[in-house]
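# A closer look at the structure
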Amino acid sequence: MNVLIVPEDFRKDQYILRPLFQRLFRNLGRPAARVRVCQNPLLGGIHQALNVERLSEIVDQYRGMTDLFILCVDCDGRAGRRHQLDGIEQQFADSAVFFAENAWEELETWVLAGVQLPSDWSWSEVRAEVQVKEVYFDRFVRRRGLEDHPGGGRKPLGEEAARRMDAIRAKCLEDFDALAQRISDWLSE
């Protein structure tokens, strides 16, 4: 099985998405799933990642080599983002298996859900923060001394978080777990 994860910008997001989805597919009984993060073309942010024409280019480029496309973007406090992603999924319903999900509020939230947080941090406050990356993730990276690691600390933290997939799914029910359940249902068909 070949899975292509399509992020807003792979340069940092790949270090979160690849280990999380590799572990997810292992947990879903597909340990041999080949999980790749789309690097060509580089999508330069949320506007390109939500552009159906750009996404069509990716689907056309990787069709035949990919069984499942997964678009992962940040919610960024946008109330209508889920509705927008539903529309994108509908655009590809007849041409590809294409799921789209927005991390609540940013992909870095999924990492924080899978690591041991400092004792003076409240998960509910982390989860409620729109600017998770700036307010919590970057501080966490500095506390752990990981600033110089690939992806600004995302590589080691993404790998660490992936080992606690159950915690991520339990803490991120509305986004990561919902996507994981949809993938599981699709695999069972």
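Each residue is numbered by its place in its chain's sequence as written, counting from 1. This being a predicted model, a pLDDT of at least 70 is required before a residue's local features are given, and a value of 80 or more before pairs of side-chain atoms are given or counted; all residues contribute to the totals for chains, interfaces and linings. By convention in this description, side-chain values take in all heavy atoms of the structure and omit both hydrogens and water.

## A closer look at the sheet that holds strand β2 (residues 34-37)
Whether parallel or antiparallel, the strands of a sheet pair through hydrogen bonds between backbone atoms. Strands are treated as partners if at least two bridges between them are detected by DSSP. Going along the chain from the N terminus, every DSSP run of H or I of four or more residues is numbered as a helix, and every run of E of two or more is numbered as a strand. Within the open sheet, the four strands sit side by side as β2-β1-β3-β4. Their pairing is parallel. Either end of the sheet is taken by a strand with one partner, and the two such strands are β2 and β4 (98-103). Looking at each pair of strands side by side, their axes are set apart by 20 degrees on average, direction ignored. With four bridges connecting them, strand β1 (residues 2-7) and β2 associate as parallel partners. Note on β2: the bridge partner recorded for Val3 is Val35. The strands touched by helix α4 (residues 81-91) within the sheet are β3 (68-74) and β4, with β4 carrying the most contacts at an inclination of about 165 degrees. Structural elements are reduced to axes, namely lines fitted to C-alpha atoms, with helices fitted over the stretch in contact, and the angle between N-to-C directions of any two is expressed from 0 to 180 degrees. Contacts: residue pairs with any heavy atoms within 4.5 Å of one another.

## A few points about unusual backbone geometry
Across the junction of Asn40 and Pro41, the peptide omega takes the value 10 degrees, indicating a cis bond. Locating Pro41 in the fold gives a position in the loop between β2 and α2 (46-49). The amide bond that connects Trp104 to the next residue, Glu105, takes the cis arrangement and shows omega of 0 degrees. Position of Glu105 relative to the elements: it lies in the loop between β4 and α5 (107-114). One non-glycine residue, Asp76, adopts positive backbone phi at about 55 degrees. With respect to the secondary-structure elements, Asp76 resides in the loop between β3 and α4.

## Digging into helix α1 (residues 10-27)
Under the 1.5 Å per step criterion, the end-to-end length of α1 is 24 Å for 18 residues, consistent within 8% with the ideal 26 Å. Among the residues of α1, those classed as buried are Phe10, Asp13, Gln14, Ile16, Leu17, Pro19, Leu20, Phe21, Leu24 and Phe25. Immediately downstream of α1, the backbone of Gly29 shows phi near 85 degrees, a positive value. Multiplying 1.5 Å by the helix residue count minus one yields the expected span of that helix. Buried, partly exposed and exposed residues are distinguished by accessible area as a fraction of the type maximum, computed with a 1.4 Å probe on protein chains only: under 20%, between the cut-offs, and over 50%, respectively.

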